[in-house]
Amino acid sequence: MVTDTDTARHVVVIGNGMTGARFAEEVARRDPRGERLRVSVVGEETEPAYNRVLLPGVLAGRYAPEDIRLPVPETGAVSVRTGVAAVTLDTERRRVRLDDGTALDYDELVLATGARAAFPPVQGLASPDGTPEPGVTALRDLADCRRLAALARPGGPVVVLGGGVLGLEAARALTERGMRVSLVESAPWIMRRQIDQPAAQILAHHYTRLGVAVHSWRVAARWIPGTGLELDDGRLLAGDALVVTAGVRANTELAEAAGIEVDRGVLVDDTLATSDPRVHAIGDCAQHPGGGGGLVQPGWEQAAVLADLLTGTRLDARYTGARPVTRLKAEGIELTSMGDPEADDTAETVTIADPHGGRYAKLSVRDDRVVGAVLLGLPEPASAIAQLYDGRAPVPGDRLALLMGRAQPEAPADQPGPAPLVCRCNAVSRDDMEAAWLDGARTRDAMARATRATTGCGGCTRDVDALLSGWNGREPIPTP
Amino acid sequence: MSRATHCPYCALQCAMFVEAAPGQAPASRPAPFPTNRGGLCRKGWTSAELLASPQRLTAPLLRTRRGGDLAEVDWDTALDHVADRLAALRARHGADAVAVFGSGGLTNEKSYLLGKFARVALGTSQIDYNGRFCMSSAAAAGNRAFGLDRGLPFPLPDLAGAEVVLLAGANPAETMPPMMRHLAAPRLIVVDPRRTATAEQALKNGGMHLAPRPGTDLALALGLLHAVRAQGLLDTDYIAARTTGFEDAWRHAAAWWPEQTEQVTGVPAEHIRAAARMLAAASGAYVLTGRGTEQHAKGTDTVSAWINLALALGLPGRVGSGYGCITGQGNGQGGREHGQKADQLPGYRRIDDPAARAHVARVWGVDPGSLPGPGRSAFELLDALGGPGGPRALLVFGSNPAVSAPDSERVRNRLARLDLLVTADFVLSETAAMADVVLPVAQWAEEEGTMTNLEGRLLRRRALLTPPPGVRTDLEVIGGLARRLGQPAERFPADPGAVLAELGAASAGGAADYSGVSVERLEAGEEVFWPVPDSAATTPRLFLDSFAHPDGRARFAAVGHRPPAEAVDPEYPLLATTGRVMGHYQSGAQTRRIGELTAAEPEAFVEVHPDTGARSGLADGALARVVSRRGATLARVRLTDRARTDTVFLPFHFAGPQAANNLTNAALDPTSRMPEFKVSAVRLEPAGPQDAVGAALARAAPPRG
């Protein structure tokens, strides 16, 4: 591949995760010959970039680790170095020092350092330097996956600490592998940030049926290696392994040490610029006023916007905040949530609860737009409502019909006009046929010659036979 | 007297009997044949009407000055005028100042001779055809995957034996009803933003309807491939033995897990998984694509993604399963094989291949160096007309680009900039009405020729009637012009048999080898599918032993999804998509002149979800203005809950203020140069009183000279 590296600006990307790799791909699509940008991606993990979202699927055995690798742009203008971490950032000289002793000079820097698992202050979870104690693991990367697979034995007990999306996906994946799973959530109900309590109750029922013991509003007290997790009420949940899925913390250290403004994440504006205009941040490490951390979609949107800006493809591109839709990826459970799940007081809200059928739907609408929805066990309305939410599109007038999904199609006799059509292809009505019958068309063949009925797609043949049979008072003479 | 021939319209090419008794209006009725199995839609039933229509042209028309009227002249006057003007423009501006626009409706013989005429008599590289707007994405993807592009690489009746057939962006129940006779038994998975008649059929028969947001089919196909692998349904033996490139293709599909696919397409993740299971569990399955999934600025990659899905399931190149694309125009297949495409020579050869040039030049008796190189693709050609460096003259055969091209107002402006516009047609189409010279030509039932249908099956078109006095065949027109341009008469014969024989020689050894095709074989009732390298050969099923790449393997394509060229915004909040209705064909130049069809579908409509209609203040039956960034269309509102709330649909058979292509976007696919007909951002508003008058005028009359 020919690249013009003399005039191309150099972009260094710190982080080869889902957002960093996607950014490189987005740049390569806009600038396939590397005429405008040369991109160097640096990743701390030794693995090639992979799809973190599918780690529970790897755990469940649905994917091999190599199945979840992300595409690498096929252009000489993108280079990727794995197993190398950035140690210091000098925004003055625009230089990043790496832990292999080398340094990279940049024209533009993109921080895509992601986030790491946050361990709650529970006794026995981690040593003072943050290293997990024996039996304990997060589920952030492939190394965690491998560790968990080694710790857990089929049929053995595993405890999941944290009943958010990742915890629930991990719990489901572990049951698919034959583990006995206990799940502990300190909030009053599981997926507290995404769904309301009635939905959580029905969801918990699903999990109970799948063999997961759900303990909501319970605080972990102590991890006892080889035994299990002790709760603050003294109960002990047996576990060969403890999976900690109790939230994440943005990786902001590099930026912070360089004097870049940081809150919970690296602060960015609508152009994804940090307080240093040459430094940008995207994905889980970034903090935008519009939110969007923790889910992959906003990170990918940010990657696309930043690629538009840095390649000069679309200089008016802006990231104006996320419209995150949460989809639980758990075999056999269809759960979607978006917006504010508890907007009942400030919005028109329609709710359907069907605990027996394991289904729940809630839709909150303000000014004809979706402001929040929770859908459990209702895949069709879920996808329709998510699209309305994502596009800020107006909600159809019949909210109940929307929540129930589209009605099944009725018989296709709905052409406007005086008589319903028997043969749609040739626009033959029952009246036309009757007139032909009165003129002597007694067989299917004669009817076809007289009216053309049955000669299009052939789908009306049975109906035509039935009509003839009725009028003839006997079976029609079949046409070969 | 009743004789068998084939319908003049779509690529199904239904067999028909035409009754042509002296003194009576000719009439058609269905004939038994493997493809239509005795079926015929209302277009076919009424197709003979135009043969005796008072609206057909029977004398050449000439406009001697800009803004003047077209006046009848004799043939010599018309052809002399054209030849003189062409010679003058060529002398002044070079050979590429003259361009040719052909058609997927022309016979193989006409397609071939037109391509030869452009390259030899005109010496221009500037030739392309309306098939660029039809099959080009599927053709490019088919060539990329299999090394050969034949719409269906198997006979149509094979479909009836399948358990499951996935139709991506195809609505045969509406567009080619007799095809449904082969799809009555299989369960169908229909991918279409609209709940079409075909989708209804799927739901009735235990199949599925997946309704993606327009412009997201590629994501859906990637999501299906993902769901196949994630559920352990890959045909790994087949992938290992007969394909290459799976891992690179998978890298892209890996980013499209079903829930992610759902977010972009709106198709529920569970339906994606279920469709993958249904396809994989079938003992015989087919994946078929149509224009809905192909007419996009990423159409080639989208078709590649559907082919990837078929390959992952081990379908192509086996009896009883496969991939195919459903060709649209009557000779959409043959029309793309014999040299009216900007980059091709006869036999599906590449014009930039020295060996291909040498072979064809030898058959033509010219120096290979005299053959021009590749020219502009259809839209680029139309867009360049009359502009700096662009052609100054255009000859149009069997096409109506003033209606059928995207962003049609722009195209009409380009046509108006020409120094000379010539059309050969049998009615005064909207393009002909703009022309300086209109040459009246014979119709389908008045001349001999061969067609290649959607299966790659050779068909014989018969001369059942004598053309009216004053009408000439396209071959005679081409020959007449060629002679006036100094070509020897024998180089451009008017006899279709002679042209077929020459086409055979020119295509010999090419991918689409017709050298063994003869009228005698077709007359004897032989089933002849190309390639036909000798007089005994026929190839009903391709790829059974190997694919057409040098290594014999099919190639997965590493393709990723990208958004459509145009996005919705508050000013243009809806997506418009376009397509066909049962009663009309293509630009409607023919079918809008048939009383029964026009009575059934007299004007453009816009299909709108009731909720979207209510928001726009539009009741059922109201006249709406549909407005895009490029233009506006007037259409009668049809409220239906079969539409998505974010999408409206318009048929493209109507002209002037009712032309759907006033809206469409000419963003082109980088490989196939296919325009993005299927996604335009629009808004809907009630039409004003002035608009109603305009619509009534558009409805009332075909154009006059």
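Procedures and definitions
Residues numbered from 1 in each chain as written. Chains lettered and ligands numbered in written order. Predicted model: local features only at pLDDT ≥ 70, side-chain atom pairs only at ≥ 80, totals over all residues. Heavy atoms only, no water. Contact = heavy atoms within 4.5 Å. Buried area = accessible area lost by both parts, 1.4 Å probe. Salt bridge = Lys/Arg side-chain N within 4 Å of Asp/Glu carboxyl O. Helix = DSSP H or I, 4+ residues; strand = E, 2+ residues; numbered from the N terminus. Nonpolar A, V, L, I, M, F, W, Y, C, P; charged D, E, K, R; others polar. UniProt positions renumbered as here; feature names shortened; annotations may be inferred. Domains from an automatic or database assignment. Pairing = 2+ DSSP bridges. Axes fitted to C-alpha atoms, helices over the stretch in contact; angles between N-to-C directions. Buried < 20%, exposed > 50% of the residue type's maximum accessible area, 1.4 Å probe, protein only.

### Looking at the interface of chain A and chain B
Line of reasoning, step 1. Facing 53 residues of chain A, the contacting portion of chain B comprises 57 residues.
Line of reasoning, step 2. Contact between chain A and chain B buries roughly 4200 Å² in total, counting both sides, with carbon and sulfur atoms accounting for 47%.
Line of reasoning, step 3. Salt-bridge contacts for A:Arg452 lead to B:Glu596; the nearest nitrogen and oxygen are separated by 2.8 Å.
Line of reasoning, step 4. Every element with two or more residues in the side of chain A that touches chain B is listed here: helix H1 (18–30), helix H7 (296–311), strand S21 (325–330), strand S22 (333–339), helix H8 (379–390) and helix H11 (444–451) of chain A.
Line of reasoning, step 5. Ranked by residues supplied to the side of chain A that touches chain B, first place goes to H8(A) with five residues.
Line of reasoning, step 6. Grouping the amino acids of the side of chain A that touches chain B by side-chain chemistry returns 22 nonpolar, 11 polar and 20 charged.

### Some details on the UniProt feature "domain: BFD-like [2Fe-2S]-binding" (unreviewed entry) in chain A
Line of reasoning, step 1. UniProt tags residues 421–468 of chain A as "domain: BFD-like [2Fe-2S]-binding" (unreviewed entry).
Line of reasoning, step 2. The span residues 421–468 of chain A is 52% helix and 10% strand, and its two end C-alpha atoms sit 15 Å from each other.

### Some thoughts on the domain arrangement of chain A
Line of reasoning, step 1. The domain boundaries assigned to chain A delineate domain 1 (9–115 + 249–311), domain 2 (136–246), domain 3 (332–404) and domain 4 (421–472).
Line of reasoning, step 2. Each of domain 2 of chain A and domain 4 of chain A has a C-alpha centre, and these two points are 65 Å apart.

### Some details on the sheet that holds strand S25 (residues 369–376) of chain A
All names here are of chain A.
Line of reasoning, step 1. If you walk across this open sheet you meet the five strands as S21-S22-S25-S24-S23, and the pairing is antiparallel. The open sheet has two edge strands, S21 and strand S23 (348–354), and neither has a second partner. Along the sheet, successive strands turn relative to each other by an average axial angle of 10°, direction set aside.
Line of reasoning, step 2. Pairing geometry for strand S24 (residues 359–366) and S25, over seven bridges, is antiparallel. In the sheet register, Arg-366 faces S25, and the bridge partner there is Arg-369.

### Notes on the pairing of strand S2 (residues 15–19) of chain B
Residue and element names in this part refer to chain B.
Line of reasoning, step 1. Examined bridge by bridge, strand S1 (residues 2–6) and S2 share five bridges and lie antiparallel to one another. Across the sheet, the residue bridging to Ala-4 is Phe-17, located in S2.
Line of reasoning, step 2. Pairing of S2 with strand S3 (residues 27–30), which is carried by four bridges, proceeds in the antiparallel orientation. When the sheet's bridge partners are listed, Phe-17 is paired in S3 with Arg-29.

### Some remarks on the pattern of salt bridges
All names here are of chain A.
Line of reasoning, step 1. Inspection of every chain in the model, using the stated rule, returns 89 salt bridges over all chains.
Line of reasoning, step 2. For Glu-45, the salt bridge goes to Arg-52, with nearest N and O atoms at 3.5 Å.
Line of reasoning, step 3. A salt bridge links Glu-331 to Arg-62; the nearest nitrogen and oxygen atoms lie 3.6 Å apart. Pair noted here: Glu-331 is in the loop between S21 and S22 and Arg-62 is in the loop between helix H2 (55–60) and strand S3 (78–82), with a separation of 269 residues, a long-range link.
Line of reasoning, step 4. Judged by relative accessible area, Arg-62 falls into the partly exposed class, the value being 26%.

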